[in-house]
Amino acid sequence: MRIYSAASEETLRARKFLKEWAGDRFVSKEQYELLEKENVSELRTTNIFLRLVLFFFTVIVVGAGTALFFQVFFSPSVKASGVLAMIFAAVCYAGAELAGSKARLYRYGIEEALAVLSIGYLCIGLDEALFMGRPYSSAEFVVPAVGAVFSLWIWRRFGFSYAFLAAMILVVFVPGYWTSSHEAQRLMVAGFYAIGLGVVVAVRSRHRFDYLDEAYSLAEAMLWLGIYLATNLKILALDFPAQRWIGGWDDSALFARPFYWTTWVLIWCLPVIVLVRGVRKKDRFVIAVGGIMAVLTMVCNKPYLGWVRHTWDPMILGVLLTGIAIFLRRWLATGPNRIRHGFTAARLSGKDKQWMNVGSIVLGQLSPQSITPSAQPSSSDFRFGGGQTGGGGAGGEF
Amino acid sequence: MQGVAGPENEGFVTILARLEQWKAQGKISAEQQAHLAGCSREEPFSLFLELNVLLYAGVLAFVAGLGWTVSTWSQQLGDVVALAVLSAILVSSFWYCFSRGPAWSAAETAQSSPIFDYVLYLASLVWSLELGYIENRFHLLSGKWDLYLLASAILFFFLAYRFDNRLVLSLALSSLAGWFGLTITRWSANPDDEYRKYALLYCLLVGVGAALLKRGGLKAHFFGTYLNIVANVLFWAVLSGVFERRGFGVWFLALLAACGASLTWGLARRQFAFVAYAAVYGYVGISWLIIRDMGETAALSYFVVSGVAMLVVLIQIGRRFGRPA
């Protein structure tokens with residue numbers, strides 16, 4: 001079912017490990033060169049920057065080519081253009097298959113762009129061919145449903161995690177065609193995700209230490225997050241980044257009381273369940289999602305309860321997060337060999353340092369932008385806030 | 001996804017089995033095999049990155065709340081209380097940093113404490129917050145607001161170099177950019193000639209400064225941070241000139257020169273971010289000049305042909321230079 005052989009992908013994984021270990025000096029340069037020569041995969045890969053640029057230009061070529069086709073050859077009816085879009089979807093998919101199977105491109109940008117475009121063209125084509133210009137019909141659920149199924153296929157075939165995310169997003173639109181009940185819609189979305197989660201959890205146990213583990217880990221994390229977001233009724237009431245700390249859009253009237261309070265209980269239970277599972281399985285993505293869910297629950301709790309949010313709430317959250325980090329670090333550091341229950345706070349890989357360096361550059365540039373004073377006008381009654389001038393400023397408006 | 005057993009998986013060997021093989025073949029020692037097997041299984045499991053993200057998010061949330069609280073309640077609290085609170089946090093943070101910080105070295109230095117970087121980041125953000133408060137309440141430098149940004153930039157550069165901190169270095173660079181009148185929001189709204197000149201001046205100052213500091217051996221590992229920021233500011237500035245209807249010729253030449261330099265640097269140093277900058281910024285600029293007076297069909301044809309050409313060139317570059325990073 002998968003376009004690449006397991007042996008090829010596992011060899012690529014071995015090469016990645018070797019590179020990391022050589023960087024961390026766990027193997028000597030001579031050992032690295034010897035082992036690298038022996039572990040050759042026929043798959044053609046590239047670095048992340050060229051991958052992104054190749055993706056970009058493939059989208060340009062195919063998008064412009066499609067538009068040119070319509071421009072030059074004929075101006076079809078909506079229905080015919082829908083059929084053509086589906087043909088383009090097939091062509092793009094065939095291109096992705098060829099790029100993967102014949103050219104052996106692996107995370108190369110080109111085959112990825114073709115696969116992504118095939119999903120887009122398929123959805124557009126279905127919509128235009130079957131439903132455009134017709135009265136609203138509940139059968140239109142076919143568009144997101146087929147899109148979701150096709151995205152899942154792309155995920156299984158090529159292993160692109162963002163195709164799995166696309167499938168999850170498309171699923172959100174399906175229940176809207178079946179029922180107008182907000183409770184039912186959320187239940188259905190959460191139900192779809194729960195089914196997916198059950199399947200992923202059942203399958204991934206066989207791949208704990210092979211190349212598929214990371215893909216399943218990411219899929220599981222996304223599904224947990226999806227279930228949480230479908231459950232949390234107040235997530236949309238938050239107008240990020242922070243303008244709505246004091247009050248927000250209250251949509252509680254849309255939901256029946258029992259449903260509303262059940263979801264409140266669930267948004268407290270889910271982070272605990274996910275964090276416990278992540279810690280037990282030592283799954284980085286699941287732990288991260290559990291942490292995100294916990295923070296979101298703390299942020300959403302007051303709106304849920306109808307309590308007034310205070311300006312100092314973010315301060316309390318900040319102190320709490322910092323306190324947890326310091327406590328965990330110290331607790332882990334005081335264990336035998338600075339390890340407790342198989343966990344350590346120490347940096348074990350140079351890869352972590354690289355992530356920290358990149359994160360520092362990006363976050364150092366971005367974070368002040370959202371909390372930086374704007375340019376100083378000449379008038380004395382100027383109030384600042386909103387991020388206009390860059391710089392390391394902080395804090396809303398005075 | 002497929003399982004790992006079956007005829008289609010001939011030759012499939014997990015990393016753990018490979019390590020066993022390498023040990024048996026004498027390519028790695030038994031100690032190495034045990035250690036590397038632990039690494040591949042993530043045993044022990046390092047929470048280093050997660051705890052750092054938690055600390056960063058905590059500091060940011062705290063400062064955001066602090067700013068919000070001070071701004072909302074300053075009338076009720078009074079200036080003395082507000083400034084006392086801000087100053088207390090600032091002084092205690094700086095006291096911690098200067099009393100616990102590692103001895104200065106021109107080379108890369110490890111921090112004395114895992115939370116050190118975040119205390120310094122907190123101090124830097126609170127400094128900016130307090131300056132903003134003072135200026136807004138007392139108008140000490142009314143009309144010369146940019147001086148605060150310059151002062152902050154100088155302080156942040158000092159702190160970044162004293163304590164070897166990239167987060168604060170990024171703050172310094174964005175404060176300096178603010179002083180030059182550069183912001184992302186302003187850029188998109190008003191990329192006029194004056195801004196471009198300031199942007200180029202910023203690039204020149206930061207680029208030359210970074211090169212001199214690197215040559216002098218002062219925190220040479222910061223050079224990459226400078227170069228990435230300078231490259232992006234430079235490309236945005238030059239591109240905005242190319243988009244002008246008049247006098248774009250000189251900016252176009254500048255764009256070509258910048259693309260050439262970025263491409264050469266990227267290929268020579270195997271830093272493919274710069275190859276990507278040259279490809280994308282260069283393509284956008286050149287395409288704009290070519291298609292702006294074209295008809296729709298010709299423009300679409302251009303995108304198809306030029307896109308294919310770019311793909312061919314990039315694939316060749318990838319084959320020759322671009323192994324996975």
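None of the values given here were measured: they were computed from a predicted structure.

**Comments concerning the overall build of chain B**
- For chain B, the helix and strand inventory stands at 13 helices and one strand.
- Its helices and strands in sequence order give chain B the pattern α-α-β-α-α-α-α-α-α-α-α-α-α-α, from N to C terminus.
- Taking 20 Å as the expected radius of gyration for a compact globule of 325 residues, we find that chain B reaches 26 Å, considerably beyond that expectation.
- With respect to the three principal axes, the spread of C-alpha positions in chain B is 75 × 65 × 45 Å.
- Each of the 325 residues in chain B was classed as buried or not, and the buried ones make up 41%.

**A short note on the overall build of chain A**
- Tallying secondary structure elements over chain A gives 13 helices and one strand in all.
- For chain A, the N- to C-terminal ordering of α and β elements is α-α-α-α-α-α-α-α-α-α-α-α-β-α.
- Buried residues in chain A amount to 39% of all 398 residues.
- Intrachain contacts of chain A at a sequence separation of at least 6 include 59% that bridge at least 24 residues.

**Quick word on the environment of Gly196 of chain A**
- Mapped onto the fold, Gly196 of chain A is located in helix H8 (residues 182-204).
- Separated by 28 residues in sequence, Gly196 of chain A and Trp224 of chain A place their C-alpha atoms 9.8 Å apart.

**Digging into the domain arrangement of chain B**
- Each assigned domain of chain B is listed here: domain 1 (1-45), domain 2 (47-178) and domain 3 (194-325).
- Summarising the inter-unit geometry, the C-alpha centres of domain 1 of chain B and domain 3 of chain B are found 42 Å apart.

**Some remarks on unusual backbone geometry**
- Note the cis peptide between Glu43 of chain B and Pro44 of chain B, where omega equals 0°.
- Turning to its location among the elements, Pro44 of chain B is positioned in the loop between helix H2 (30-40) and strand E1 (45-46).
- With a phi close to 50°, Arg107 of chain A is a non-glycine residue in the positive phi region.
- The residue Arg107 of chain A is located in the loop between helix H4 (78-101) and helix H5 (110-131) in this model.
- Since 18 C-beta atoms lie within 10 Å of it, Arg107 of chain A is described here as partly exposed.

**Let's talk about the interface of chain A and chain B**
- Counting residues at the interface gives 100 residues for chain A and 110 residues for chain B.
- Secondary-structure elements contributing two or more residues to the side of chain A that touches chain B are helix H1 (6-23), helix H2 (29-38), helix H3 (48-72), helix H11 (284-305), helix H12 (313-333), strand E1 (343-344) and helix H13 (350-370) of chain A.
- Its residues assigned to classes, the side of chain A that touches chain B shows 57 nonpolar, 31 polar and 12 charged.
- One ladder, built from two bridges, connects E1 of chain A with E1 of chain B; its direction is parallel. Counted as the bridge partner of Thr344 of chain A is Ser46 of chain B from E1 of chain B.

**Focus: H12 of chain A**
- Its 21 residues place the ends of H12 of chain A 30 Å apart at the C-alpha level, agreeing with the 30 Å of an ideal helix rising 1.5 Å per residue.
- All of the buried residues along H12 of chain A are Asp313, Pro314, Leu317, Gly318, Leu321, Thr322, Ala325, Arg329 and Leu332 of chain A.

**Some details on the packing of helix H9 (residues 193-215) of chain B against helix H10 (residues 223-242) of chain B**
All names here are of chain B.
- Look at H9 against H10: their axes get within 9 Å of each other, and the N-to-C directions meet at 160°. The orientation of H9 relative to H10 falls into the category roughly antiparallel. Taken as a pair, H9 and H10 cross one another with a handedness that is left-handed. From H9, Arg196, Ala199, Leu200, Tyr202, Cys203, Val206, Gly207, Ala210 and Lys214 reach across to H10, where they touch Phe223, Tyr226, Leu227, Val230, Val233, Leu234, Ala237, Ser240 and Gly241.
- A class-by-class count of the residues in the contact of H9 with H10 yields 13 nonpolar, three polar and two charged.

**As for the confidence of the model for chain B**
Residue and element names in this part refer to chain B.
- Counting all residues, the mean pLDDT for chain B is 89, and 92% of those residues have values of 70 or more.
- Looking at the elements of chain B, mean pLDDT is at its lowest for helix H8 (residues 184-189), recorded as 55, and at its highest for helix H12 (residues 272-291), recorded as 96.
- This stretch, residues 1-7, has a pLDDT under 50; its non-local contacts, to residues over four places away or in other chains, come to 12 contacts.
- Across the predicted assembly, pTM comes out at 0.88 and ipTM at 0.88.

**A short note on helix H4 (residues 79-100) of chain B**
All names here are of chain B.
- Here H4 is 22 residues long and its end C-alpha atoms lie 31 Å apart, about the 32 Å a rise of 1.5 Å per residue gives.
- Every buried residue belonging to H4 is among Ala82, Leu86, Ile89, Ser93 and Cys97, and all of these are buried. All buried residues of H4 lie within an arc of 65° about the axis, which places them on one face of the element. Every exposed residue of H4 that faces more than 90 degrees away from the buried side is listed here: Val80, Ala84, Ser87, Ala88, Val91, Trp95 and Ser99.
- Packed against the buried residues of H4 are helix H3 (48-77), helix H5 (116-138) and helix H6 (146-163).

**Describing the packing of H5 of chain A against helix H6 (residues 142-158) of chain A**
All names here are of chain A.
- Packing of H5 against H6 brings their axes to within 9 Å, and their N-to-C directions diverge by 160°. Looking at the two axes, H5 sits roughly antiparallel to H6. Crossing of H5 against H6: the hand is right-handed. Of H6, the residues touching H5 (which contributes Glu111, Ala115, Ile119, Leu122, Cys123, Leu126, Asp127 and Leu130) are Val142, Val143, Val146, Gly147, Phe150, Ser151, Ile154 and Phe158.
- When grouped by side-chain class, the residues that make up the contact of H5 with H6 number 12 nonpolar, two polar and two charged.

**Examining the confidence of the model for chain A**
Residues and elements named next belong to chain A.
- Averaged over every residue, the pLDDT of chain A is 87; the share at 70 or more is 88%.
- Between residues 242-248, whose pLDDT stays under 50, and residues either more than four places distant or in other chains, the model counts 16 contacts.
- Every residue in residues 370-398 is under pLDDT 50, and counting partners more than four places away or in other chains gives 102 contacts.

**Some words on the nonpolar core**
Residues and elements named next belong to chain B.
- Formed by 165 residues in total, the largest nonpolar core has its most connected members in Val63, Val168 and Val238.
- With 13 residues, H3 is the single largest residue contributor to this core.
- Mapping this core onto the domain boundaries places at least three of its residues in each of domain 2 (47-178) and domain 3 (194-325).
- Ignoring any residue separated from it by four or fewer positions in sequence, one finds Val238 in contact with Trp251, Ala254, Leu255 and Ala258.

**So, the environment of Val233 of chain B**
- Residue position: Val233 of chain B is located in helix H10.
- Through-space distance from the C-alpha of Val233 of chain B to that of Cys203 of chain B is 7.0 Å; in sequence the pair is 30 residues apart.

**Section: the environment of Thr58 of chain A**
- Structurally, Thr58 of chain A can be placed in helix H3.
- Sequence separation between Thr58 of chain A and Leu126 of chain A is 68 residues; the distance between their C-alpha atoms is 23 Å.

The rules behind each value
Residues numbered from 1 in each chain as written. Chains lettered and ligands numbered in written order. Predicted model: local features only at pLDDT ≥ 70, side-chain atom pairs only at ≥ 80, totals over all residues. Helix = DSSP H or I, 4+ residues; strand = E, 2+ residues; numbered from the N terminus. Rg over C-alpha atoms; globule rule 2.2 N^0.38 Å. Buried ≥ 20, exposed ≤ 12 C-beta atoms within 10 Å, placed from the backbone. Contact = placed C-beta atoms within 7 Å. Domains from an automatic or database assignment. Nonpolar A, V, L, I, M, F, W, Y, C, P; charged D, E, K, R; others polar. Pairing = 2+ DSSP bridges. Expected span 1.5 Å × (residues − 1). Axes fitted to C-alpha atoms, helices over the stretch in contact; angles between N-to-C directions. Parallel < 35°, antiparallel > 145°, perpendicular 65-115°, else oblique. Left-handed = near helix turned anticlockwise from the far one by under 90°. pLDDT = per-residue confidence, 0-100. Arc of directions from axis to C-beta. Core = buried A, V, L, I, M, F, W, Y, C linked by C-beta atoms within 7 Å.

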